[in-house]
Each structure stands twice: as C-alpha cells, then as structure tokens.
Amino acid sequence: MDRIEVFDKLTDIFRMVMANDDIVLEEETTVDDIDEWDSLTHYQLIEKIEADFGIKFSAYEITSWIDVSEMVDCIQKKLS
Amino acid sequence: MLTRMKTLIELKKNLKKDLGSLPVVKIALTGDTATQLLCTAIRGMGVERGYNLELYETDYNQVEQQLLSIDSELHQFDAEFIVVFQSTHKLGEYHSLLPMAEKEKLADDRIGFVTSVCENPYLANKKIIYFNYPEIGDTVFGSFSNRVEASFTFQIRKLNYELMKLSQKYPNLFICDIAELQNKFGRDRMFAPNTYANTEMIFRMEMLPYVASRVLDIICAVKGQFKKCLILDLDNTIWGGVIGDDGMEGIQLGHGLGVGKMFTEFQMWIKKLRQRGIIICIASKNNEEIAKEPFEKHPDMVLKLDDIAVFQANWETKVDNIRTIQRILNIGFDSMVFIDDNPFERNIVRENIPAISVPELPEYPEDYLEYLYSLNLFETASYSPADKDRTKQYQVEAERVSFSKSFTNEGDFLNSLKMVSTVSGFTKFNIPRVAQLSQRSNQFNLRTVRYTEADIEALAKDSSVIDIAFTLKDKFGDNGLIAVIIMKPLDKESLFVDTWFMSCRVLKRGMESFTLNMMVEKAKEAGFTKIIGEYLPTPKNAMVAEHYPRLGFVPVIGSGTQRWELDLENYKIRDCYITKE
C-alpha cells in the first residue's frame, strides 16, 4: 500500500472515530491540530487502525509518534 | 427495532442528541481501573434504551472508601443504581502480593467486602450492580490449579461462585456477568494489553458496548422493561426446509450430523426459555394443519404444541399475525421478540411495529444460537418457579375467550366462571411474585412504583403499611397472584393507595370491585375513614386513567396531581362475582 493510500484510509478512520468529516490529515498534523484528538479518542483510533489495517502496535509505539507522518511510517513498516 | 450491537462511535453520537424528553435515572460507577470510556458507553447505551442516565463516576481506585464511608461523594450523589467494577487484574495484583498461606483466603476476603456493601444500611435502597470476574488463567500451576486452593484460578472461580450465592441472599445485589461475556468472546478480544499498558483500561473499546449493554439489561429489567414473549417463524427458522414443500420427512431436524442438529439445539434453547416463563408464539405463512403436524408427530421436535401459547399459521401477513398475538396476550410490543430467517419479513415487521425487537440473524442457521446468545435478549430482575405455568395460563385464556362467546349476558358469564380469590398480606411465599409483578405491570398500574424483593420484604415488616395480595382462580384454572395493594397512612383519618396494580390477564372480571371491597374492609378495621387514590400517567397506563372515578371516588380539590378520595362511612359493598377463599 503506498503512502497516499495509507493516508486516505487513515483519514477515513480519523473522520469516523472523531465523528467529524472535515478532518484533513497532513504529514505534519499533530494532536494539537484536531480538537477531538485526545487521550481517549487516541486509543479508539489505535484499535480501529489495528483492525482495519490488520496490524498490531506495541504499547511503546502507541505513545511514540510526534505527528501523523510518524504514524504513517509505522503503519507502512508493518504492512511491508 | 433493529437488534444488533451498536458501536462505541454510535453510542457517543447518542449523547449529542437532545435527551430532554427521556426519563432520568441516576447511576454511580466506581472502579479500580480507568472507567471513563465505560461510563460514556453506558450513558450512550442508556439513550439507546430510552433513558437519560445521570452518571456519577467516582475518582479512580476509591471503591472501598466511596462505598463504605457515609459522607463520600457517592453517597451524596444518591444514585438509584451503583455499578461496582473491581477488575481481575487488580485482584491478581493483590493475590501476587499475599504470602502463600494467605492466598487461599482471597475470595473470602472479597466476599466479606461485598457483603459489607450489601449490609450497609445507607445502601439498603440502592441497587448494586457488581461485575463478576472474568478469569485470567495465569498457569502458575497449570491445570493442577484446580486442586490448589491458593491458586489464582481457584480463587477467581470460587469468588464468582460465592458472588452468585451472595446475590441469592441479598435481593439488591445484581451480578453483572462480565465473565460470561469473556466466555463468549474470549480473553484476547476482551482485553488489549497495549491499550491497558498505557491507559489502565481493561476492556478493548470494541467490547465496551457489550459491557454497557449488560449493565443496561439489568437497569431495564429492574425498571420493568424486559422481554416476555418470543414469536417464531417456522420454515428455516426452527427447522430446516419448508414444511409445505418438503413434508414431515423432508425437513431438517434432529440429532446426527448436519444442520438438523443445530435446529434441534435451537429448539432446546426455546424450550428452556418457555420453562423460564417466556411466552412462545408462532407466526408463520403456512397452512395451519400442515404447520402443526411436526409439533404433533415429528420424533425430533423438541417443541410441542403445548409449549406454544398462540399458534398463528395462515396466509395473513406476519404483521397482522403479530398484532393478533399481541391482542390475545395483552402485553406491549416492546416486550416481544420476533425471530425470522427472512430479512424481508424482518424489515416489514420492523417498519410496521417499531417497538418489537427483531434480531438481525446471521446468514447460516448454525450461527443463530451463538449470535442470539451475544444479544442477551431475555435479561430479568426476578424469577419465580411459577413462571413456567405462564404458557398454560395464556392457553386457558384463549379457551376462556371462546367460552365467553356462548353467553349473551356478561353477568351470567362471570357467574359461570365460579371465581375464587385468596386474600393475604405479603408472605415469604408470595414476596418474589409480588416483586416480579411490580416490575412487570405496566398497563393496569396506577402509580407504577417498582419494588424489588428487598423493598417488598421491608414493606411486609412495616406494621403501618396495609399490604394485600390477591390470587384468582376459576373453573378453567388458577391465575395465581394477580393483584397487589399497598396502602400507607397519610394521617389518622386517611390511607393513601401507594400501589394498585393488576395483571391484565384478569381484566373485565370484576376484580377491581372485589379488590376495593377488601381494601375498604381492611381500612375500616384499622380505623381509617378515607382512602385516597392517585393516578400517575405513564405512556402505558392510560387504561386506568378513569379507574378511581369509575369506582365511586371523588376528586380531591386542589391537589397538584390526579387524586381521588373515597368516604368509607358511606361505602356500599360493590357487587361482584368473586368469592373470597
């Protein structure tokens, strides 16, 4: 799956979990850029990403990403 | 109503709706792990079931202090329901720290705590919803742990068993069977170690709706909202194949290999529901004679005709047949479940009768049962062994209806029934049934106050309260306990009717007049001169809006609610065809 496809799928997941269809993800998007992205919705995201991409994150990875680009890196690494 | 489990996202959306019109229920939750999202799920599920839950979540890990100390925030909040969630993880932590000799006392220790909660006088009028313990098999002893009392496995199983015993002893303790949920879905789906590591959340988010649903099942059951009747389609629902085409020999049913076995097991489940008191009815597009044949003759049919309260097999629509069943049983559509393999029929029923629960069935019949287990459709807050006779009572009612048609005069008919009623206070024999009827009666219920067994026991002990329970039998059979009166003194002169409810099975038999005669007798014996009645309207009890005026009560001027009074000195005993036993 190329980076654009991962972004598209991830955007859908963000929109669904946050119940906000206006969310647009950029490489440098962080928690501060999305109001609904808090410590609780974060774990809903994780569960949904794991289920939809068929991957599993470590406890460490879940808390390590600085921005969306690192998140996507991590997903791509697991998919390859 | 479409019955499938909602997602956490859907539940969260519910909370953005305008909840102003929903009845408020106060509930408190205290737990030893992170419970924020569980609370969100519970509130969202509340909306799904028609309640606006005002939920107070105590601070993290304060279960003991919050429950046992009188001036805690939890006590001040004064909830109707208190959910207590002590996790197996925290129990395991505690177990690991105990010296070997102490480990075998872990379950007793925890049971001691739950007992002290149940016996706390400040919690006596609360309903405690206590989560039992999903197992964590730590394999420290392997399977040998079954023999070692000190092992964690031994202690969890013992604890869950003792909790069951405790809930038999304390009627205000309701065990929420989270362990059963884990049995159903498996530990790896219930629990996400990576989320737990970072958050202290025990349940995977995907599972929160199921947990919340189990909590709401109990709340709804206590509040009188539960299922009483299961309506079944026949072809490809309770047997494989089409009876009209395949014939008795051709349908798939019975032991041996293949899908027939699954239909047999499905029927066994239905039979157990029937024995528990769920009314089983049939709605099928079929020729009646052909449809009944397997019930009478097929050797592998578990369900027999006498398991079925109302059998509707004809060429009318399912919707019409379900409406006919509803008229005969006289219970609300919201207390009915309809199971049909055909998605088209399911949708038509949902569209035309929105209140009825229609589970979306899996595609393959072998999956029906496991799927239906996951929905926990038949939660209850009470059970009495007499429930198993309910089917018989409805069958008798159908006979009574056809018998009444042979009379032109209603008085002659009632007289010919030879009705006899026993009149008593609340006793240990009738308390479970009184409590149950208090939760079930919706239509003939003047004030709809719900009482648990513990509440009824307390009323029975209170000598200032006049409580009366009535049974009714006639030439066709015994209806058992069918009406209840609770009267409390307002002052020296007047008695207030706190509760008057009656089973709709005995409508139009003059039972109201008989009941009032008895009430007046008891009130006079106790020296009162007036009985005050009140009607509190609900969406379901319009039937008794004019109840008091019909019985000769006159309006109480200037009362804020609909109150009526009856002057006992001038009371004339009302005619009725019921004799007191």
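Caption draft 1: The arrangement of unusual backbone geometry in detail. Residues and elements named next belong to chain B. Although it is not a glycine, Asn-330 sits at a positive phi angle of roughly 60 degrees. Structurally, the position occupied by Asn-330 is in the loop between helix 16 (318-329) and strand 10 (336-339). A count of 14 C-beta atoms within 10 Å places Asn-330 in the partly exposed class. Even without a glycine there, the phi angle at Asn-376 is positive, about 45 degrees. Relative to the assigned elements, Asn-376 resides in the loop between helix 18 (368-375) and helix 19 (390-404).

Caption draft 2: Quick look at the sheet that holds strand 8 (residues 279-285) of chain B. Residues and elements named next belong to chain B. The four strands are arranged 9-8-7-10 in an open sheet whose pairing can be described as parallel. Each of the sheet's edge strands pairs with one partner strand only, and the pair in question is strand 9 (308-314) and strand 10. Strand-to-strand twist of the sheet, defined as the mean angle between neighbouring strand axes without regard to direction, takes the value 15 degrees. Of the pairings in the sheet, the one linking strand 7 (residues 229-232) to strand 8 comprises four bridges and is parallel in character. Directly across from Leu-230, in strand 8, lies its bridge partner Ile-280. Set on the sheet, helix 15 (residues 288-297) makes contact with strand 8 and strand 9; between it and strand 9 the angle comes to about 140 degrees.

Caption draft 3: Inspection of the sheet that holds strand 2 (residues 24-31) of chain B at higher detail. All names here are of chain B. In spatial order, the strands read 3-2-4-5-6; together these five strands make up an open sheet with parallel pairing. The sheet is open, and its two borders are formed by strand 3 (52-57) and strand 6 (173-176), each paired with just one other strand. Averaged over neighbouring strand pairs, the angle between their axes works out to 25 degrees when direction is ignored.

Caption draft 4: View of the interface of chain A and chain B. Listed by partner, the interface residues are 13 residues for chain A and 16 residues for chain B. Counting only elements with at least two residues in the side of chain A that touches chain B, the list comes to helix 1 (3-18), helix 2 (39-53) and helix 3 (59-62) of chain A. Here the side of chain A that touches chain B gets five residues from one element, more than from any other, and that element is helix 2 of chain A. For the side of chain A that touches chain B, a count of residues per class yields nine nonpolar, three polar and one charged.

Caption draft 5: How the structure looks around the environment of B:Val358. When you line up the elements, B:Val358 lands in strand 11 (residues 358-359). Each C-alpha atom, one on B:Val358 and one on B:Ile339, is 6.3 Å from the other, the two residues being 19 residues apart in sequence.

Caption draft 6: Broad picture of the domain arrangement of chain B. Considered domain by domain, chain B is made up of domain 1 (2-222), domain 2 (229-375) and domain 3 (406-580). Measuring from the centre of the C-alpha atoms in domain 2 of chain B to the corresponding centre in domain 3 of chain B gives 37 Å.

Caption draft 7: Region of interest: the nonpolar core. All names here are of chain B. Judged by nonpolar contacts, the single largest core of 78 residues is most densely connected at Ala-41, Ile-129, Leu-208, Val-211 and Val-215. Residue contributions to this core peak at 10 residues, all from helix 12 (residues 208-222). Ranked by size, the runner-up nonpolar core spans 42 residues in total, among them Phe-426, Leu-446, Ile-486 and Leu-516.

Caption draft 8: Structural view of the pairing of strand 2 of chain B. Residue and element names in this part refer to chain B. Most of strand 2 is tucked away, with six of its eight residues classed as buried. The pairing of strand 2 with strand 3 spans six bridges and is classified as parallel. In the strand pairing of strand 3, Val-24 is matched with Asn-52. What joins strand 2 to strand 3 is helix 2 (residues 36-48), and the crossover it makes is right-handed.

Caption draft 9: Summary view of the packing of helix 2 of chain B against helix 12 of chain B. Residue and element names in this part refer to chain B. One can describe the packing of helix 2 onto helix 12 by two numbers: an axis separation of 8 Å at closest approach and a directional angle of 60 degrees. Between helix 2 and helix 12, the angle is such that the two are oblique. Here helix 2 and helix 12 pass one another in a crossing that is right-handed. Contacts from Leu-37, Leu-38, Ala-41, Ile-42, Met-45 and Gly-46 in helix 2 reach Leu-208, Pro-209, Val-211, Ala-212, Ser-213, Val-215 and Leu-216 in helix 12. Taken together, the residues that form the contact of helix 2 with helix 12 break down as 11 nonpolar, two polar and no charged.

Analysis parameters
Residues numbered from 1 in each chain as written. Chains lettered and ligands numbered in written order. Predicted model: local features only at pLDDT ≥ 70, side-chain atom pairs only at ≥ 80, totals over all residues. Helix = DSSP H or I, 4+ residues; strand = E, 2+ residues; numbered from the N terminus. Buried ≥ 20, exposed ≤ 12 C-beta atoms within 10 Å, placed from the backbone. Pairing = 2+ DSSP bridges. Axes fitted to C-alpha atoms, helices over the stretch in contact; angles between N-to-C directions. Contact = placed C-beta atoms within 7 Å. Nonpolar A, V, L, I, M, F, W, Y, C, P; charged D, E, K, R; others polar. Domains from an automatic or database assignment. Core = buried A, V, L, I, M, F, W, Y, C linked by C-beta atoms within 7 Å. Right-handed = clockwise from strand over helix to strand, strands pointing away. Parallel < 35°, antiparallel > 145°, perpendicular 65-115°, else oblique. Left-handed = near helix turned anticlockwise from the far one by under 90°.

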